[in-house]
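Listed below are the residues making up each chain.
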Amino acid sequence: MLRLDMNVVFNMLNLIVLYLLLRHFLIKPVMEVMNKRQAMIENSISNAKNSEGQAAEMKKQYEDKLAESSKEGLKIIEEAKNQAKVQYDRILENAEEEAGRVIGEAQRKAEADQEKALNEAKAQIAGLVIAAAAKVVNQEASAMANKALYDSFIAEAGDSHDAGSN
Amino acid sequence: MEELNCETVFTIPVFGGIGISESVVVTWVIMAALTLLSIIFVRNLKVENPGRKQQVLELAVGGLYGFFDDLIGEEGRRYIPYLVSVAIYIGVANLIGLLGLKPPTKDLNATAALAIISILLIEYASFHKKGLKGFIKGFAEPVAIIAPINILELFIKPLSLCMRLFGNVLGAFVVMELIKLIVPAIIPIPFSMYFDIFDGLIQAYVFVFLTALFIKESVE
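Rules used throughout
- Residues numbered from 1 in each chain as written.
- Chains lettered and ligands numbered in written order.
- Predicted model: local features only at pLDDT ≥ 70, side-chain atom pairs only at ≥ 80, totals over all residues.
- Heavy atoms only, no water.
- Helix = DSSP H or I, 4+ residues; strand = E, 2+ residues; numbered from the N terminus.
- Buried < 20%, exposed > 50% of the residue type's maximum accessible area, 1.4 Å probe, protein only.
- Lys, Arg positive; Asp, Glu negative; His and termini not counted.
- Charge placed at Lys NZ, Arg CZ, Asp CG, Glu CD.
- Phe/Tyr/Trp six-rings, centres within 6.5 Å; stacked < 30°, edge-to-face > 60°.
- Lys NZ or Arg CZ within 6 Å of the ring centre and 35° of its normal.
- Axes fitted to C-alpha atoms, helices over the stretch in contact; angles between N-to-C directions.
- Parallel < 35°, antiparallel > 145°, perpendicular 65-115°, else oblique.
- Left-handed = near helix turned anticlockwise from the far one by under 90°.
- Contact = heavy atoms within 4.5 Å.
- Nonpolar A, V, L, I, M, F, W, Y, C, P; charged D, E, K, R; others polar.
- Expected span 1.5 Å × (residues − 1).
- Salt bridge = Lys/Arg side-chain N within 4 Å of Asp/Glu carboxyl O.
- Patch = residues over 30% accessible without salt bridge, like charges linked within 9 Å, V, L, I, M, F, W, Y side chains within 5 Å.
- Areas by Shrake-Rupley, 256 points an atom, 1.4 Å probe, with all protein chains shown as cover.

1. Some words on the overall build of chain B
Counting secondary structure elements, chain B contains six helices and two strands. In chain B, the succession of α and β elements from N to C terminus is β-β-α-α-α-α-α-α. Overall, chain B is about 60 × 55 × 40 Å in size when its C-alpha atoms are taken along their principal axes. In chain B, which comprises 220 residues, the share counted as buried stands at 45%. Of the charged side chains in chain B, 16 are positive and 19 negative, and the gap between their average positions amounts to 7 Å.

2. Quick look at the packing of aromatic side chains
Residue and element names in this part refer to chain B. Considering all chains together, one arrives at nine aromatic pairs over all chains under this definition. A centroid spacing of 5.8 Å and a plane angle of 90° characterise the contact between Phe 127 and Phe 135, whose relative ring orientation is edge-to-face. Of the residues examined, Phe 127 reaches a relative accessible area of 37% and is grouped as partly exposed. By relative accessible area, which is 17% here, Phe 135 ends up buried. One aromatic cluster is present, built from ring pairs that chain together Phe 67, Phe 68, Tyr 205 and Phe 209. For Lys 106, the ring lying beneath its charged end belongs to Phe 173, and the centroid distance is 4.4 Å. In this structure, Lys 157 is placed above the aromatic ring of Phe 214, and the distance from its NZ or CZ to the ring centre is 4.6 Å.

3. Description of the packing of helix H1 (residues 7–137) of chain A against helix H4 (residues 108–137) of chain B
Packing of H1(A) against H4(B) brings their axes to within 8 Å, and their N-to-C directions diverge by 60°. As far as their axial angle goes, H4(B) and H1(A) are oblique. The chirality of how H1(A) crosses H4(B) is right-handed. Only B:Asn109, B:Ala110, B:Ala112, B:Ala113, B:Leu114, B:Ile116 and B:Ile117 of H4(B) make contact with H1(A), whose side of the interface consists of A:Asn7, A:Val8, A:Asn11, A:Met12, A:Leu15 and A:Ile16. Taken together, the residues that form the contact of H1(A) with H4(B) break down as 10 nonpolar, three polar and no charged.

4. Digging into helix H1 (residues 22–42) of chain B
For H1(B), which comprises 21 residues, the first-to-last C-alpha distance of 30 Å matches the rise-based estimate of 30 Å (1.5 Å per residue) to within 8%. Residues of H1(B) that are buried: B:Glu22, B:Ser23, B:Val24, B:Val26, B:Thr27, B:Ile30, B:Met31, B:Leu34, B:Thr35, B:Ser38 and B:Val42. Elements in contact with the buried residues of H1(B): H1 of chain A together with strand E1 (8–12), strand E2 (18–21), helix H2 (52–72), helix H3 (80–95) and H4 of chain B. Directly after H1(B), the chain includes B:Asn44, whose backbone phi takes a positive value near 55°.

5. Re the pattern of salt bridges
When the charged atoms of two side chains with opposite charge come close together, those side chains can pair. Residue and element names in this part refer to chain A. Enumeration according to the criterion identifies 13 salt bridges over all chains in this entry. With its nearest N and O atoms 4.0 Å apart, the salt bridge here joins Lys 85 to Asp 89. In this pair, Lys 85 and Asp 89 are both assigned in helix H1, four residues apart and thus about one turn of the helix distant. Accessibility expressed as a relative area gives 35% for Asp 89, which makes it partly exposed. When the shortest N-O distance is used, the salt bridge between Arg 101 and Glu 105 registers 3.7 Å.

6. A look at a nonpolar patch on the surface
Residues and elements named next belong to chain B. Taken together, the side chains of Leu 98, Leu 99, Ile 186, Ile 187, Ile 189, Phe 191, Met 193, Ile 197 and Leu 201 define a hydrophobic patch exposed on the protein surface, amounting to about 880 Å² of accessible area. Summarising the element assignment, Ile 187 is placed in the loop between helix H5 (147–182) and helix H6 (188–219). Given a relative accessible area of 41%, Ile 187 falls into the partly exposed group.

Right, dumping it as structure tokens:
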């Protein structure tokens, strides 16, 4: 029952051979597959993390760009407003100037017309007065002397009238 | 009491006849079966979408591997395949009585072989890790005065491993035979559950567990 002989050596050989067989046929391939899977999983996790980081970075870039472009847009609008205001002011000024000019001209023209009308009226009135006076006094006094006399009279009356109306 | 003895199956007619015992022959059978099963099951392993068969296989091998990996740590990782092989071998050897073959572990020669290989591996692990000087110094640790005890351990460790396994399997076998002698039917079933299956697996576990612990101790 308790015999110990050469069979120890055979059993040891058996064990070593069994170990080599199992290592080669069972443990190595199975562990290889498991390690490969592990590596694959780790790889894909790190890949996912990488792409997540990239996406975040891209998002940040886009946001930056967006903010920048909106700022740019505001600036452009502001500039346009300023320009428009300058142009508006300029146009308004031009228009005012023009209007002032037109009004001044019109005034001058009106004054000239008035003057002319006045002069004409004076001349006619003088003629009428001379004719009337000639009829009244019936005398052929020196027309030139009378005309001068009435002219001075009318001028005096007009001046006093002008001064009164002014 | 004939069952207790391990028969000599045949004799090689050299050096005045070398008797090959039953344990060696049964071990051959186990080796052949395990290798064949390994080849069959390991075919077509896939990294992605493993089949159910592969999942079970990975659970078993990966579980054993992880168990020893936790025990033995980074330093002793190279010895894990041996421990896994021995665990499978002792487990199968203890259970093979269910198939009507005599368990090889019931032969002192087989358990002695296991224990000798284990102690050789343990000492080799220490030698490989620490070099010759460290290996010899290791006997004088933690203090020089216990060096004799450390040297004695070289023989105690394998002896205890060997005798524990042998005694348990033999004891279980004897108890089972006695029960079967008294009540041949029904009653032996629960006892067989314990002595043939549970005890066999527990002894396989204890053997490789202790070996792993010793290896870890020696590589520290």
